[in-house]
Amino acid sequence: MALTETVPAAAPPAHEGILRRQSLRESAARTYARSLPIVPVRARGLTIEGADGRRYLDCLSGAGTLALGHNHPVVLEAIRTVLDSGAPLHVLDLATPVKDAFTTELFATLPGKLAETARIQFCGPAGTDAVEAAFKLVRTATGRDGLMAFSGAYHGMTAEALAASGGAQHTSVVRLPYPYDYRCPFQTGGERGAELSARWTQSLLDDPKSGVRRPAGMILEPVQGEGGVIPAPDGWLRRMREITAARQIPLIVDEVQTGVGRTGAFWAVDHSGIVPDVIVLSKAIGGSLPLAVIVYREELDAWQPGAHAGTFRGNQLAMAAGAATLAYVRTNGLDRRAGELGRRMLDRLTALAAAHDCIGDVRGRGLMLGVELVDRSADADAMGARPADPQLAAAVQHACLERGLIVELGGRHSAVVRLLPPLTITDEQAEAILDRLADAIAAAVRTTPGPTGSSPTTMRGTSP
Ligand code: PMP
């Protein structure tokens, strides 16, 4: 099924011209546009319609931004209300009723102790800017400079956020092992792997000759998203909290992607019950518009006026859309719904993995799901893990698009198919997503030779 099939042959397809001009005019650094050559013109809920008239189920959701899907009525209503009120749309960081309401709604959802005493800093509109703010905050408060971050992490593309991410080329950030069951660096996995990761962290901090000084802060994602959908065990998160608290190291939790119900709890830290010193928030908190903040313990609020300024910190439309989204997720229990539906989808993905040798692992939490594709013809390591197969993953992504399903790839080798559907999807839509994915994987294994040059990967049985 070609993308252009529904376009009449006589009419020059407008979307083709748009795509051609994009490839001629936009930067070589463009990303999603390369693997998803579509031109969205309309969208509602889970569905996007392209300029070519085709419809797609959108499991990318603006990289996890659209908790309520595209153009949810409560979000549109909130935006319209601000527009119709004549309120200023640009206000720097001045106080407004819209901002006041957003802050009240956000604080109502924060983990226990933080809710009582939190401070909030409105940042430039991207997640990466809030990460920069968090680093600046803890450096000022502690008077220390160093940072600790984890292998496989993703915190953004500005200099310091990138330095704390797994893809950093040059960094002075101390890198710690993240518990990754399928590819456990200690070759044990499970609770033991997580415990060894915690012990390694502890020994680096306590060994006076480790070469690592007490840092200004530690940053982690409760579920690594771009790193390949890797949920941290709750026990490990509690250990990280204990280790950092005992050494007066502020713990920064990056909930840019996991926040607002995505993982089956309002904030992913709620699963473990830990209370971070700083939480970094963006994506879903803006209800599909750009907004980023940090919330943190008031004791850390030692920086000077203007220490983290920026022109675009007062997006009134985003605050209104965000407040409406937060309230809708909270009052409709969409976090619980994400947890239940995510478990059922994971069960079906587990059955799919049993049917395909090329699926090395399936994992996730709530509606943040990942399918790791591997080279079935290569030898497995002692833990049973096989090398990643990015070529097959790209073929699956392409086959999904042909079947009207938008998925994203992530993971260390871009071999993890990621599903981030809106929290509002129905059971039937979840089934349709998995049907299309199963079909796409079956088609991709028929046509893609393994990276070791073997014959096309085969199925273990019939797909569920
Ligand atoms: N942190 C995490 C966990 C993210 O997933 C992302 C974006 N994918 C960021 C930070 C950076 O956010 P932004 O792209 O808005 O700068």
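Residues numbered from 1 in each chain as written. Predicted model: local features only at pLDDT ≥ 70, side-chain atom pairs only at ≥ 80, totals over all residues. Heavy atoms only, no water.

**Notes on the packing of helix α4 (residues 73-85) against helix α12 (residues 316-331)**
Next up, step 1: The geometry of α4 relative to α12 is characterised by a closest axis approach of 8 Å and an angle of 145 degrees between their N-to-C directions. The chirality of how α4 crosses α12 is right-handed. Residues Val 74, Val 75, Ala 78, Ile 79, Val 82 and Leu 83 of α4 form the contact with α12, whose participating residues are Gln 316, Leu 317, Ala 320, Ala 321, Ala 324, Thr 325 and Tyr 328.
Next up, step 2: Residues belonging to the contact of α4 with α12 are distributed by class as follows: eleven nonpolar, two polar and no charged. (Axes fitted to C-alpha atoms, helices over the stretch in contact; angles between N-to-C directions. Helix = DSSP H or I, 4+ residues; strand = E, 2+ residues; numbered from the N terminus. Left-handed = near helix turned anticlockwise from the far one by under 90°. Contact = heavy atoms within 4.5 Å. Nonpolar A, V, L, I, M, F, W, Y, C, P; charged D, E, K, R; others polar.)

**Let's talk about the packing of aromatic side chains**
Next up, step 1: By the definition in use, this model includes six aromatic pairs.
Next up, step 2: Seen from their ring centres, Phe 150 and Trp 236 are 5.2 Å apart, and the 75 degrees between their planes marks the pair as edge-to-face. Of this pair, Phe 150 sits in strand β5 (residues 147-150) while Trp 236 sits in helix α10 (residues 234-246), placing them 86 residues apart in sequence.
Next up, step 3: Take Trp 236: its relative accessible area is 2%, and that puts it in the buried class.
Next up, step 4: Ring plane angle 70 degrees and centroid distance 5.3 Å describe the contact between Tyr 178 and Trp 236, whose orientation is recorded as edge-to-face. Taken together, the residues span a long stretch of sequence, with Tyr 178 in the loop between β6 (174-176) and α9 (190-206) and Trp 236 in helix α10 at a distance of 58 residues.
Next up, step 5: Site record: aromatic cluster; members linked through ring pairs are Phe 150, Tyr 178 and Trp 236. (Phe/Tyr/Trp six-rings, centres within 6.5 Å; stacked < 30°, edge-to-face > 60°. Buried < 20%, exposed > 50% of the residue type's maximum accessible area, 1.4 Å probe, protein only.)

**Focus on the nonpolar core**
Next up, step 1: Grouped together as the largest cluster of nonpolar side chains are 100 residues, with contacts concentrated most on Phe 102, Leu 106, Trp 236, Met 345, Leu 419 and Leu 437.
Next up, step 2: Looking at which domains feed residues into this core, each of domain 1 (14-71 + 334-447) and domain 2 (74-331) gives three or more.
Next up, step 3: Apart from the residues lying within four places of it in its own chain, the contact partners of Leu 106 are Ile 120, Trp 267, Leu 281, Val 293, Val 295 and Leu 326.
Next up, step 4: Grouped together as the second largest cluster of nonpolar side chains are 25 residues, Cys 123, Val 131, Val 173 and Ala 216 included. (Core = buried A, V, L, I, M, F, W, Y, C linked by side-chain atoms within 4.5 Å. Domains from an automatic or database assignment.)

**Let's talk about the domain arrangement of the chain**
Next up, step 1: You can read the domains of the chain as domain 1 (14-71 + 334-447) and domain 2 (74-331).
Next up, step 2: Relative to domain 2, the C-alpha centre of domain 1 lies at a distance of 25 Å.
Next up, step 3: Counting from both sides, the interface comprises 42 residues of domain 1 and, opposite them, 40 residues of domain 2.
Next up, step 4: In total, domain 1 and domain 2 occlude about 3300 Å² of area from one another, counting both sides; carbon and sulfur atoms represent 56% of this.
Next up, step 5: Its largest share of buried area at the contact with domain 2, domain 1 owes to Arg 365, Met 368 and Arg 412, together 24% of the area lost on that side.
Next up, step 6: Inspection of the domain 1/domain 2 interface yields three salt bridges. (Buried area = accessible area lost by both parts, 1.4 Å probe. Salt bridge = Lys/Arg side-chain N within 4 Å of Asp/Glu carboxyl O.)

**Some remarks on the pattern of salt bridges**
Next up, step 1: As enumerated under the stated definition, the model contains 25 salt bridges in all.
Next up, step 2: In this structure, the salt-bridge partner of Glu 49 is Arg 42, at a minimum N-O distance of 3.2 Å.
Next up, step 3: On the accessibility criterion, Arg 42 (52% relative accessible area) is exposed.
Next up, step 4: With its nearest N and O atoms 2.8 Å apart, the salt bridge here joins Asp 206 to Arg 247. Separated by 41 residues along the polypeptide, Asp 206 in helix α9 and Arg 247 in the loop between α10 and β10 (251-254) bring together distant segments of the chain.
Next up, step 5: Here Asp 206 falls in the partly exposed class, since its relative accessible area comes to 43%.
Next up, step 6: Beyond isolated ion pairs, a larger network of salt bridges with shared partners links Arg 183, Asp 361, Arg 363 and Glu 372.

**Considering the pairing of strand β11 (residues 278-281)**
Next up, step 1: Burial of β11 is two-sided: the residues Val 278 and Val 280 facing one way and the residues Ile 279 and Leu 281 facing the other way are all buried.
Next up, step 2: Pairing of β10 with β11 involves three bridges; the strand directions are parallel. If you follow Val 253 over to β11, its bridge partner there is Ile 279.
Next up, step 3: When β11 meets strand β12 (residues 293-297), the two strands line up antiparallel, connected through four bridges. (Pairing = 2+ DSSP bridges.)

**Quick notes on the site of the ligand**
Next up, step 1: The ligand sits among Ala 126, Gly 127, Thr 128, Tyr 154, His 155, Gly 156, Glu 221, Glu 226, Asp 254, Val 256, Gln 257 and Lys 283.
Next up, step 2: Contact between the ligand and Thr 128: an oxygen atom at 2.9 Å from a main-chain N or O atom of the residue.
Next up, step 3: A distance of 3.1 Å separates a nitrogen atom of the ligand from a polar side-chain atom of Lys 283.
Next up, step 4: Bound to the protein, the ligand loses 84% of the 390 Å² it would expose on its own.
Next up, step 5: Tallied by class, the residues present in the shell around the ligand amount to three nonpolar, five polar and four charged. (Near = heavy atom within 4 Å. Polar contact = N/O pair within 3.5 Å; in protein donor to acceptor, adjacent residues only side chain to side chain. Areas by Shrake-Rupley, 256 points an atom, 1.4 Å probe, with all protein chains shown as cover.)

**Comments concerning helix α7 (residues 127-142)**
Next up, step 1: Across its 16 residues, α7 extends 23 Å between first and last C-alpha, which sits within 8% of the 22 Å expected from 1.5 Å per residue.
Next up, step 2: The set of residues buried in α7 consists of Gly 127, Thr 128, Ala 130, Val 131, Glu 132, Ala 133, Ala 134, Phe 135, Leu 137 and Val 138.
Next up, step 3: Contacts from the buried residues of α7 go to β5, α8 (159-163), β7 (217-220), β10, β11 and β12.
Next up, step 4: Downstream of α7 by one or two residues, Gly 143 has phi in the positive range, about 75 degrees. (Expected span 1.5 Å × (residues − 1).)

**Here we look at the side chain of Gln 257**
Next up, step 1: The topology assignment puts Gln 257 in the loop between β10 and α11 (269-272).
Next up, step 2: Take Gln 257: its relative accessible area is 10%, and that puts it in the buried class.
Next up, step 3: Separated by 3.1 Å, the side chains of Gln 257 and Glu 226 make a polar contact.
Next up, step 4: With near-sequence residues (within four places) excluded, Gln 257 lies in contact with Ala 63, Gly 225, Glu 226, Arg 262, Lys 283, Met 368, Arg 418 and Leu 420.

**Re the environment of Gly 322**
Next up, step 1: For Gly 322, the position within the fold is in helix α12.
Next up, step 2: For Gly 322 and Leu 291, which are 31 residues apart along the polypeptide, the C-alpha to C-alpha distance reads 8.2 Å.
Next up, step 3: With residues up to four places along the chain from it excluded, the contact list for Gly 322 reads Phe 102, Ile 285, Gly 286 and Gly 287.

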